[in-house]
Amino acid sequence: MKAYMFPGQGSQKKGMGDSLFDEFPQVTAKADQVLGYSIKELCLEDPDNLLGQTGHTQPALYTVSALMWMRHAADKNGEKPDFMAGHSLGEYNALFAAGAFDFETGLRLVRERGRLMALARGGGMAAIIGSEEEKIQDILRENNLTTLSLANYNSPLQIVISGPAGDIEKAEPVFKAAGVKHYRPLKVSAAFHSPYMKEAAEEFARFAGEFTFEEPRIPVIANVTARPHGKEDVRELLVAQITSPVRWTDTIRYLTGLGVTDFRQLGPGSVLTGLLRRIRTEEAELQKARENDPAPQAPDNILPTADNRPQVTEARPQPMDSTPPATGRITPENLGSRAFREEYNLKYAYLAGAMFRGIASKELVIAMGRAGMMGHLGTGGMKLNEIEDSIRDIQAGLDGKPCGMNLLHNYYDPDAEEKLVDLYLKYGIKYVEAAAYMQMTPGLVRYRLTGLHRENDGSIRTSHKVMGKISRPEVAEAFLSPAPERIVSKMLEEEKITREQADLSRKVPMADALCAEADSGGHTDGASAYALFPAIQRLCDDMMRKHGYEKQVFLGAAGGIGTPGSAAAAFVLGADFILTGSINQCTLEAGTSDLVKDMLQEMNVQDTDYAPAGDMFETGAKVQLLRKGVFFPARANKLYDLYRQYDSVHEIDEKTKKQLQEKYFKRSFDEIWEETETFFSQRDPEQIKRAEKSPKHKMALIFRWYFGHTARIASEGTEAEKVNFQVHTGPALGAFNQWVKGTGLENWRNRHVDRIAEKLMRETADLLNRRFEEMSGKKGYQK
């Protein structure tokens, strides 16, 4: 595949454009009209030495690069690229070439952008060469240089910082004292691509609001996100670019990961061609250095493995391959179980969990799969046709790479669960995350046993892998047991499975993996990871011994994982893999509203609460959700208290009924019942029949309407009803927000699930290496 790249400011030179102005006289005349001066004279002669000034540089570069694209496009033999990208200003050329706007619109935008940036004063920038992002961030943090931020990620070892001019100057001796050899202040008048450009960005936003943008016909990678521009976000991302870093290294990584091998620069000079070579060279050198960099051996038995516990029929996969050898360091790739990674065909022992109503979206699943990890589509609350469409898109986007689906126990409608299993079998879905199960159901058993067979070598092979999410030992035991005999017998009688599958069902557990879920968002028992995980770990070994299974059941950890410290704790406990959830719902890929993401970005670890689960309302099962800025947890708990106290809505006192209808629901009980009746008459008519006989059940259905409504308005971002938003989340996101505060990831618009995952695994490995050094006495302890 091919990608075209357009350069940014710094590539200008006198004489650029040459014969292009005469080849495209009408375009040149339009540029002169918009700018009020001769663009040809400026570029070819520059009589007043204006070409180096931002207000003139940007329109000149945009025009010349646009003309170079037009010449290429006019060539009948000119090939169209698969992707486009531009460095800073060059992003405008990429969007023009992709059809997001016409030449004149782009020029007007660039002229205003250049004008506003030229007016900015008091800032500075400096290029740091030879140091990785983590080291630069550490130096800034440890020396309280909080006014400075990373502005351009040009290559892994060439990063530009931005901020007040005085602090840029003050930082030079600090960086050199820390061992940074190349610190070069740049000749600029402002702190470009930093929060100090906020006023310019706000004014540019007002200006850009006057224009209409089209969806790019060729995918254009945005500087802010290092991902393609979406259908509606061209304007927003161009505004954000003014205050956000240029993620050029990640742009090249992303395109390379998609299979792009042919990169071509269109525009003056060859800066981007040089950066491409630099990125490739530095990536290879850094990878080689990581592989060869020695680290002290960890203290004996620091990581619990099956080798340190009673043996079962087969040694339990080690959570980090082995304790770190004396000749190598822990790397992100060897965290967790090697056997798990090989079994699931993953680069990292890292999964993204399902979040209902498609919050764990198809885009999230695709991004994770392309990065060598696995995400699970959040099918709970989605219609069957929506799930089917998403499966098709995911399978097309991943081309055989692993992907998972959520199989959520449907407490009220077992038939819906069966239909979902039918869909998964139809599309050959190999991996499911089974959640909210208290016991095994016919649908789950059918999924598990379909395709079960014995290989020629006598081993038993399962075609469908189940990961059971659990927070209670009795539920874990159900997943660790063979399929219930009564369900197997009935399925055999109904010819839903074969005799061989029925016989083999006694020799395999219901799950290939368990995920011990502690204090997570959504369905949770609020368990402590430090108590839950070891208990489930021992149970796994006991059940292995009891049943004599051929293969070990993998055990992962979830809940509360949002920082390197929490991830490291999970791996030290012995987790074969980790699974994250809450931290992923505040990313660009998450399928919820921007308003919800804005709210989640501001939460801290104490900003959650528990409330009844709408899908299991009558049972009193709890979910954890956002408390800050909303009334939903308090209101949901009151509804459950009323349900327990009364047998019908008519028994509730008049004052409370008025409060519910006017404040909570903003409609009458009768109006809600009319909606509810319409809904269930199509989905599950038995519910209506039950309600006609039982006033208490009718009350439950009316109250359950509120749960569906509040989840829907949150997903849609209905600002007028913000206080009623139901947003499932856990404290891990609050911890994550604190971890990334002051970095580019503080703004959720810079967050991508795959980049978060890679950063978390990388820094977890680094943290463990430091801890091992400290505990081995090779390095003094530093707090």
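Here the structure is a predicted model, which means the values were calculated and not measured.

Trainee: Help me get a handle on the packing of aromatic side chains, residues and values and all.
Mentor: Taken as a whole and judged by the stated rule, the model has 29 aromatic pairs. Among the aromatic residues, those joined into a cluster by ring pairs are F617, F632, Y640, Y643, Y664, F665, F669, F703, W705, Y706 and F707. Lying over the aromatic face of Y643, K696 brings its terminal NZ or CZ to 4.4 Å of the ring centre.

Trainee: Could you give an account of the pairing of strand β4 (residues 149-155), with specific residues and numbers?
Mentor: For β4, the tally of buried residues reaches seven of seven residues, placing the bulk of the element in the interior. By the bridge criterion, five bridges tie β4 to strand β5 (residues 158-164) in an arrangement that is antiparallel. In the strand pairing of β5, S149 is matched with S162. Joining the antiparallel neighbours β4 and β5 is a turn of two residues.

Trainee: Now, about the side chain of T608: what can you tell me, with residues and values included?
Mentor: Mapped onto the elements of the fold, T608 is located in strand β20 (residues 608-612). Residue class for T608 comes out buried when judged on its relative accessible area of 11%. Engagement of the side chain of T608 in a polar contact is seen with the side chain of Q624, the distance being 2.8 Å. Non-local contacts of T608, meaning those with residues more than four positions away in its chain, are made with M603, Q624, L625, R627, T729, G730 and P731.

Trainee: I'd love a proper account of the sheet that holds strand β11 (residues 404-408), names of residues and values included.
Mentor: Strand order in the closed barrel made by the eight strands is β9-β10-β11-β12-β15-β16-β18-β19, with parallel pairing throughout. Strand-to-strand twist in this sheet, taken as the mean axis angle between neighbours without regard to direction, amounts to 25°. In this sheet, strand β19 (residues 577-580) lies alongside strand β18 (residues 554-558) in parallel orientation, the contact comprising three bridges. The residue bridging A557 from the neighbouring strand is I578, located in β19.

Trainee: Would you mind going over the sheet that holds strand β2 (residues 83-86) in detail, with residue names and values included?
Mentor: Spatially, four strands are ordered β7-β2-β1-β8 in an open sheet, and the strand pairing comes out parallel. Each having just a single partner strand, β7 (220-221) and β8 (262-265) make up the two edges of the open sheet. By the bridge criterion, four bridges tie strand β1 (residues 2-6) to β8 in an arrangement that is parallel. Looking across to β8, one finds that K2 is bridged to D262. Strands in contact with helix α5 (residues 90-97) are β1, β2 and β7; relative to β2, the strand with the most contacts, it is inclined by about 150°.

Trainee: Can you break down the pattern of salt bridges residue by residue, with the values?
Mentor: Should the charged atoms of two oppositely charged side chains come close, the side chains can pair. Per the counting criterion, the structure on display carries 43 salt bridges. In this structure, R704 and E618 form a salt bridge, with 3.9 Å as the shortest nitrogen-oxygen distance. Here R704 is found in helix α28 (residues 695-716), whereas its partner E618 is found in the loop between β20 and β21 (622-626), with 86 residues between them in sequence. The pair R704 / E618 is uniform in exposure class, with both members buried. Its salt-bridge partner being K657, residue E654 comes within 3.0 Å of it at the nearest N-O pair. With E654 and K657 both in helix α25 (residues 654-664) and three residues apart, this pair spans about one turn of that helix.

Trainee: Quick one: what's the story with the nonpolar core, residue by residue and with numbers?
Mentor: In terms of nonpolar packing, the biggest core is built from 103 residues, with Y350, Y424, L444, V445, F479, L514 and F725 touching the most fellow members. In terms of residues, this core owes the most to one element, helix α30 (residues 753-775), which gives nine residues. Apart from the residues lying within four places of it in its own chain, the contact partners of L444 are L407, E417, A434, Y437, V466, F479 and M510.

Trainee: With reference to specific residues and values, describe the environment of H697.
Mentor: Within the secondary structure, H697 sits in helix α28. For H697, a relative accessible area of 4% corresponds to the buried category. On a C-alpha basis, the gap between H697 and D647 in space is 8.4 Å, while along the polypeptide they are 50 residues apart. Ignoring any residue separated from it by four or fewer positions in sequence, one finds H697 in contact with E618, Q687, R690 and A691.

Trainee: Go over unusual backbone geometry with me, naming the residues and quoting the values.
Mentor: Its identity is not glycine, yet H193 carries a phi of approximately 55°, on the positive side. With respect to the helices and strands, H193 occurs in the loop between β6 (182-185) and α9 (198-208). Although it is not a glycine, E495 adopts a positive phi angle of roughly 60°. The residue E495 is located in the loop between α19 (485-493) and α20 (499-504) in this model. Of the residues examined, E495 reaches a relative accessible area of 73% and is grouped as exposed.

Trainee: Residues and numbers for α28, please.
Mentor: If you check α28, its first and last C-alpha atoms are 32 Å apart, about what 22 residues at 1.5 Å a residue would give, namely 32 Å. The element α28 is extensively covered by neighbouring structure, given that 16 of its 22 residues are classed as buried. A positive phi of about 75° marks G717, the residue just after α28.

Trainee: Any chance you could break down a negative patch on the surface for me, citing the residues and the numbers?
Mentor: A surface patch of like charges, here negative, comprises D670, E671, E674, E677 and E692. Per element, the largest residue contribution to the negative patch is four residues, and it comes from helix α26 (residues 669-683). Structurally, E674 can be placed in helix α26.

Trainee: Which residues make up the packing of helix α6 (residues 103-119) against α9, and what values go with them?
Mentor: Across the interface, α6 lies against α9 with an axial gap of 10 Å and an inter-helix angle of 160°. What the angle tells us is that α6 and α9 run roughly antiparallel. Read as a crossing pair, α6 and α9 show a hand that is right-handed. Only A200, E203, F204, F207 and A208 of α9 make contact with α6, whose side of the interface consists of R108, L109, E112, R113, R115 and L116. Tallied by class, the residues present in the contact of α6 with α9 amount to six nonpolar, no polar and five charged.

Trainee: Got a sec to walk through α6? Specific residues and values, please.
Mentor: Given a rise of 1.5 Å per residue, 17 residues ought to cover 24 Å, and the 24 Å separating the end C-alpha atoms of α6 matches this to within 8%. Those residues of α6 that fall on the buried side of the exposure criterion are F103, T105, G106, L107, L109, V110, E112, R113, G114, L116 and M117.

Trainee: So what's going on with the confidence of the model for the chain? Residues and values would help.
Mentor: When pLDDT is averaged along the chain, the result is 89; 93% of the residues meet or exceed 70. Here residues 294-327 is a poorly scored stretch, pLDDT under 50, and it has 89 contacts once near neighbours within four places are set aside; other chains count.

Trainee: For the packing of helix α27 (residues 685-693) against α28, give the residues involved together with the corresponding values.
Mentor: Where α27 meets α28, the closest approach of the two axes is 5 Å, and the angle between their N-to-C directions is 130°. Between α27 and α28, the crossing angle belongs to the class labelled oblique. Across the interface between the two elements, Q687, R690, A691 and K693 from α27 touch P695, H697, K698, L701 and R704 from α28. Split into classes, the residues belonging to the contact of α27 with α28 amount to three nonpolar, two polar and four charged.

Trainee: Could you give an account of the pairing of strand β10 (residues 374-377), with specific residues and numbers?
Mentor: Side-chain direction in a regular strand flips from residue to residue, so the side chains alternate between the two faces of the sheet. The side-chain alternation of β10 yields two buried faces, one formed by M374 and H376 and the other by G375 and L377. Across two bridges, strand β9 (residues 350-352) lies against β10 in parallel orientation. Paired with A352 across the strands is G375, a residue of β10. In this fold, the crossover linking β9 to β10 by way of helix α14 (residues 362-370) has right-handed handedness. By the bridge criterion, two bridges tie β10 to β11 in an arrangement that is parallel. Within β11, the residue paired with H376 across the bridge is G404. The β-α-β motif built from β10, the intervening helix α15 (residues 384-398) and the parallel element β11 has right-handed crossover chirality.

About the cut-offs
- Residues numbered from 1 in each chain as written.
- Predicted model: local features only at pLDDT ≥ 70, side-chain atom pairs only at ≥ 80, totals over all residues.
- Heavy atoms only, no water.
- Phe/Tyr/Trp six-rings, centres within 6.5 Å; stacked < 30°, edge-to-face > 60°.
- Lys NZ or Arg CZ within 6 Å of the ring centre and 35° of its normal.
- Buried < 20%, exposed > 50% of the residue type's maximum accessible area, 1.4 Å probe, protein only.
- Helix = DSSP H or I, 4+ residues; strand = E, 2+ residues; numbered from the N terminus.
- Pairing = 2+ DSSP bridges.
- Polar contact = N/O pair within 3.5 Å; in protein donor to acceptor, adjacent residues only side chain to side chain.
- Contact = heavy atoms within 4.5 Å.
- Axes fitted to C-alpha atoms, helices over the stretch in contact; angles between N-to-C directions.
- Salt bridge = Lys/Arg side-chain N within 4 Å of Asp/Glu carboxyl O.
- Core = buried A, V, L, I, M, F, W, Y, C linked by side-chain atoms within 4.5 Å.
- Expected span 1.5 Å × (residues − 1).
- Patch = residues over 30% accessible without salt bridge, like charges linked within 9 Å, V, L, I, M, F, W, Y side chains within 5 Å.
- Areas by Shrake-Rupley, 256 points an atom, 1.4 Å probe, with all protein chains shown as cover.
- Lys, Arg positive; Asp, Glu negative; His and termini not counted.
- Charge placed at Lys NZ, Arg CZ, Asp CG, Glu CD.
- Parallel < 35°, antiparallel > 145°, perpendicular 65-115°, else oblique.
- Left-handed = near helix turned anticlockwise from the far one by under 90°.
- Nonpolar A, V, L, I, M, F, W, Y, C, P; charged D, E, K, R; others polar.
- pLDDT = per-residue confidence, 0-100.
- Right-handed = clockwise from strand over helix to strand, strands pointing away.

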